[in-house]
Amino acid sequence: MKRDSILVVDFGTSNVHVNVVHVRDGQILYSKSRKYPMLSPKDGYTEINPHELWRASVQCVKEVLDIMENVELHAITFSYFGDNIMLADSHGAPLTNIILAFDVRGTEEALGEFGSRFTDEEFIGITGGTCVTFCTGPKLLWFKKHKPELFEKTSYFYTNQQWINQNLGLKPLNDYTMACRKMMFDIKSKEWSKPILSFLGIKAEQLGEVVPSTEIIGHIDKYGEIALPFTLPVIVGSHDCDCGMYGAGAGIPDSGIIGDITGTYDHLGFIEQGFVNAGTENLEAEIFSYCGPLIDTSVCLGAFPTSGAVLEWFMREILDDCSPAAYDMMWKHAEFRGDSSLMFNPHFSGNLGGIYGLGLTKTKEDLFESMIESLTFESRRILEGCKKIKKGSCDKVWVGGGAARSEKWMQLRADIWGCRVERMQNIEVSSVGAALLAAVKVELYQDIKSAARSMLHIRDSYEPSKDISDRYELKYRQYLELVSNGIKTGGGSA
């Protein structure tokens, strides 16, 4: 009997994974991945070549199909890194690379012109979040101001999602979640915001049509030049974090689960039924919300945008070795007891990072431990915000993504967060969540709950160790004060 499966193309900020997900148990039967470089033509610029993004996915699809056996594919769907923009001409051809969220272009515009035109309350009321550097609107304003000739040539403002749809020979559509990640979408009326578009001097047609995340937008029998073994319905897919919320159990109605989706970003959040604008409910919680993948749902989340990128920076620039063996060695020597005086400020966006408490006896292992602690402190801040917003109980966190590979980091999460932490059996939660949504759409399951019962499983659980947790409670308070002062003064010691 052939195994019922969904083909998932999962685009991350550093690589693409193509996974064949078995819908009966949620396991990945076949998987291939390929990296694409993050480009930095100038200090603070971060881009990906769109052609390399597409070619990498085509190659991975080919490699998976070459080894795939005894599988019945029912659909192809997608998971995308969000908050990106690419200027395209009237034919949809790229005029720029894909500009990533943490690219510095738009920093002054977010603080200046956008801040003058829209208060935080107004912008949150429209988009569900505040206007900051990672938003695409300020980046478009930067191009309009600094590259006016290029801006005038632009017919479309694509995300990676629209670019992939176009390359598949389909309409360059946005799903609701990726439209929201452009931060120009009115989350209540579910249309492009007229005030924001008027301010930027652009038209809704330039941003593209928007459809629900589980919409079937066509059928394909080829992926690029690669022939598929089946003619497959194409489900448009959604933002990787939002897929991941379903893959980490945080999309199951009434579950009491908060999901932690780790990677380049560290996202913590949940899917709520109905319309929610968390920012208007409690701005201090720093949890924001937007349209969910399913009709009448809202994504509520917070994020630390450079979590994985800071770890990669450390391995590349401090250790000078990004190999798996180097990572394994650092984790092997890591000990997290909460008694080190070393502090690390991981706010690398805007060059606000810093290292505090350096001495002649400090080692690279000490620096690594301090960095991991700081990233876990940041995720605790987000978790505390989630608990202020989430309706009902939330007594555990389900974790997926790259950081879940480390048992030590899982235990550290429990110790710093002070709650039960559970690791998913399949940590590729964005792919699993995308497959789960697709499986319900093509009627392999009746609803999300029944799909989750079959496809989502826990590998192991971690409880806080009281003595260590108490020490981290004190260090967390010290960390908050230190980071707050560092941000206010524009940086820190190193």
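Residues numbered from 1 in each chain as written. Predicted model: local features only at pLDDT ≥ 70, side-chain atom pairs only at ≥ 80, totals over all residues. Heavy atoms only, no water.

Here we come to the pattern of salt bridges. Per the counting criterion, the structure on display carries 28 salt bridges. One connected set of salt bridges, linked through shared partners, spans R380, E384, E473 and R477. (Salt bridge = Lys/Arg side-chain N within 4 Å of Asp/Glu carboxyl O.)

Strand order in the open sheet formed by 7 strands is β18-β19-β17-β16-β22-β23-β24, and the pairing between neighbours is mixed. At either margin of the open sheet sits one strand with a lone partner, and together these are β18 (288-291) and β24 (458-462). Each strand of the sheet is rotated relative to its neighbour by a mean of 30°, with strand direction disregarded. Helix α15 (residues 364-389) contacts β16 (257-262), β17 (266-273), β19 (297-304) and β22 (396-401) of the sheet and is inclined by roughly 15° relative to β17. (Pairing = 2+ DSSP bridges. Helix = DSSP H or I, 4+ residues; strand = E, 2+ residues; numbered from the N terminus. Axes fitted to C-alpha atoms, helices over the stretch in contact; angles between N-to-C directions. Contact = heavy atoms within 4.5 Å.)

Let us now look at unusual backbone geometry. Even without glycine at this site, D296 takes up a positive phi of about 65°. Following the sequence through the fold, D296 ends up in the loop between β18 and β19. Unusually for a residue other than glycine, E443 sits at a positive phi of about 65°.

Moving on: the packing of aromatic side chains. Taken as a whole and judged by the stated rule, the model has 24 aromatic pairs. A ring pair is formed by F377 and Y472, whose centres lie 6.2 Å apart and whose planes are at 70°; its orientation type is edge-to-face. Taken together, the residues F377 in helix α15 and Y472 in helix α19 (residues 466-489) connect sequence positions 95 residues apart. Residue F377 is classed as buried on the basis of its relative accessible area of 1%. What makes Y472 buried here is its relative accessible area of 1%. In textbook terms, an aromatic cluster arises when at least three aromatic residues are bridged by ring pairs, as seen for F314, W331, F336, F368 and W409. Between R24 and the ring centre of Y445, over which it is positioned, the NZ or CZ distance is 5.5 Å. Above the ring of Y176, the side-chain terminus of K190 is found at 5.0 Å from the ring centroid. (Phe/Tyr/Trp six-rings, centres within 6.5 Å; stacked < 30°, edge-to-face > 60°. Buried < 20%, exposed > 50% of the residue type's maximum accessible area, 1.4 Å probe, protein only. Lys NZ or Arg CZ within 6 Å of the ring centre and 35° of its normal.)

Attention now goes to the packing of helix α1 (residues 50-67) against helix α7 (residues 160-167). At a minimum axis distance of 11 Å, the contact between α1 and α7 shows a crossing angle of 60°. In terms of orientation, α1 lies oblique with respect to α7. Seen along the crossing, α1 lies across α7 with a hand that is right-handed. Across the interface between the two elements, P50, H51, L53 and W54 from α1 touch N160, W163, I164 and N167 from α7. Here the residues of the contact of α1 with α7 are counted per class, giving 5 nonpolar, 3 polar and no charged. (Parallel < 35°, antiparallel > 145°, perpendicular 65-115°, else oblique. Left-handed = near helix turned anticlockwise from the far one by under 90°. Nonpolar A, V, L, I, M, F, W, Y, C, P; charged D, E, K, R; others polar.)

Checked against the element boundaries, T297 lands in strand β19. Excluding anything up to four places from it in sequence, T297 contacts Y246, I271, E272, Q273, G274, Y290, C291 and G292.

As a further point, take the nonpolar core. Counting 124 residues, the largest nonpolar core has L140, M184, I202, F368, M371 and I372 as its most contacted members. For this core, the leading source of residues is α15, giving 10 residues. Summarising the domain contributions, this core has at least three residues from each of domain 1 (1-235) and domain 2 (255-424 + 457-493). Here M184 is in contact with T127, T136, G137, L140, W192, S193, I196, L197, L200, I202 and L207, once residues within four sequence places are set aside. (Core = buried A, V, L, I, M, F, W, Y, C linked by side-chain atoms within 4.5 Å. Domains from an automatic or database assignment.)

Per the domain assignment, the segments making up the protein are domain 1 (1-235) and domain 2 (255-424 + 457-493). Placing a centre on the C-alpha atoms of domain 1 and another on those of domain 2 gives a separation of 25 Å. Of the residues lining the interface, 22 residues belong to domain 1; the matching set on domain 2 comes to 21 residues. Carbon and sulfur atoms make up 67% of the area that domain 1 and domain 2 hide from each other, which totals about 1700 Å². Broken down residue by residue, the surface that domain 1 buries against domain 2 is led by F102, I124 and I187, which jointly contribute 27%. Here domain 1 is connected to domain 2 by 0 salt bridges. Our enumeration of links across domain 1 and domain 2 arrives at 4 residue pairs in polar contact (both at pLDDT 80 or more). Every element with two or more residues in the side of domain 1 that touches domain 2 is listed here: α4 (120-127) and α8 (176-180). Residue contributions to the side of domain 1 that touches domain 2 peak at 4 residues, all from α4. Among the residues forming the side of domain 1 that touches domain 2, the class breakdown is 8 nonpolar, 9 polar and 5 charged. (Buried area = accessible area lost by both parts, 1.4 Å probe. Polar contact = N/O pair within 3.5 Å; in protein donor to acceptor, adjacent residues only side chain to side chain.)

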